[in-house]
Amino acid sequence: MANSDPQLFVSASLLHGNGVVLRPLRASDAQDLYETCQDAEIVEYTTIPVPYLMSHAADFIADPPKFTWAITLQEFGDRYCGSIELRLSAGDYPANLGYMTAP
């Protein structure tokens with residue numbers, strides 16, 4: 001039986017399966033993150049600053065929310081393809097998941 005302790009998941013620095021790899025954000029992701037945040041749908045459905053500047057990407061990567069990972073695909077090597085964030089709270093919904101993918 002698989003371990004169902006959620007702390008094992010949220011404390012993992014590298015998660016992978018079926019060709020998808022979730023890893024910590026890196027300074028080298030800044031350009032791809034910046035370009036992702038120029039997409040009109042990302043602007044519409046997220047709370048990113050507008051206009052989104054390269055400095056925003058660098059700041060986000062330097063101090064990301066606690067449970068945030070870069071999404072990469074093995075077929076594209078280690079290149080940033082998006083990001084995913086698990087948000088834990090004590091409200092009506094104990095957790096939610098936010099993500100965005102590069103266009």
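This section reports on the structure supplied with the text. (Residues numbered from 1 in each chain as written. Predicted model: local features only at pLDDT ≥ 70, side-chain atom pairs only at ≥ 80, totals over all residues. Heavy atoms only, no water.)

1. A closer look at the pattern of salt bridges
Inference 1: By the definition in use, this model includes five salt bridges.
Inference 2: With its nearest N and O atoms 2.9 Å apart, the salt bridge here joins R23 to D78. One end of the pair, R23, is in strand β2 (residues 20-23); the other, D78, is in the loop between β3 (68-73) and β4 (82-88), and 55 residues separate them in sequence.
Inference 3: Salt bridges linked by common partners bring R23, R26, D29 and D78 together as one network. (Salt bridge = Lys/Arg side-chain N within 4 Å of Asp/Glu carboxyl O. Helix = DSSP H or I, 4+ residues; strand = E, 2+ residues; numbered from the N terminus.)

2. Concerning the layout of surface pockets
If a probe as big as a water molecule is rolled over the atoms, it shows which places are left empty.
Inference 1: What the largest pocket holds in volume is close to 360 Å³.
Inference 2: The wall of the largest pocket is formed by 19 residues, among which I48, F60, E85, R87 and M100 lie closest to the centre.
Inference 3: Elements with a minimum of two residues in the lining of the largest pocket: α4 (54-62), β4 and β5 (95-101).
Inference 4: In terms of residue count, the dominant contributor to the lining of the largest pocket is β4 (four residues). (1 Å grid on protein atoms, 1.4 Å probe; cavity = no way out; pocket = protein on both sides within 12 Å on 5 of 7 lines; lining within 4 Å. Points joined across faces, edges and corners; volume = space filled by probe spheres on them.)

3. Brief notes about the sheet that holds β3
Inference 1: A sheet is described by the order of its strands in space; here five strands give the open sequence β1-β2-β3-β4-β5, paired in antiparallel fashion. Edge positions in the sheet fall to β1 (15-17) and β5, since each has one partner strand and no second. Within the sheet, the average angular offset between the axes of one strand and its neighbour, ignoring direction, is 20°.
Inference 2: Pairing analysis gives seven bridges linking β4 to β5, with the strands arranged antiparallel. (Pairing = 2+ DSSP bridges. Axes fitted to C-alpha atoms, helices over the stretch in contact; angles between N-to-C directions.)

4. Side note on the pairing of β4
Inference 1: With five of seven residues buried, β4 lies mostly within the body of the structure.
Inference 2: Here β3 pairs with β4 via four bridges, running antiparallel. By the bridge assignment for β4, W69 is matched with I84.
Inference 3: What sits between β4 and β5 in their antiparallel hairpin is a turn of six residues. (Buried < 20%, exposed > 50% of the residue type's maximum accessible area, 1.4 Å probe, protein only.)

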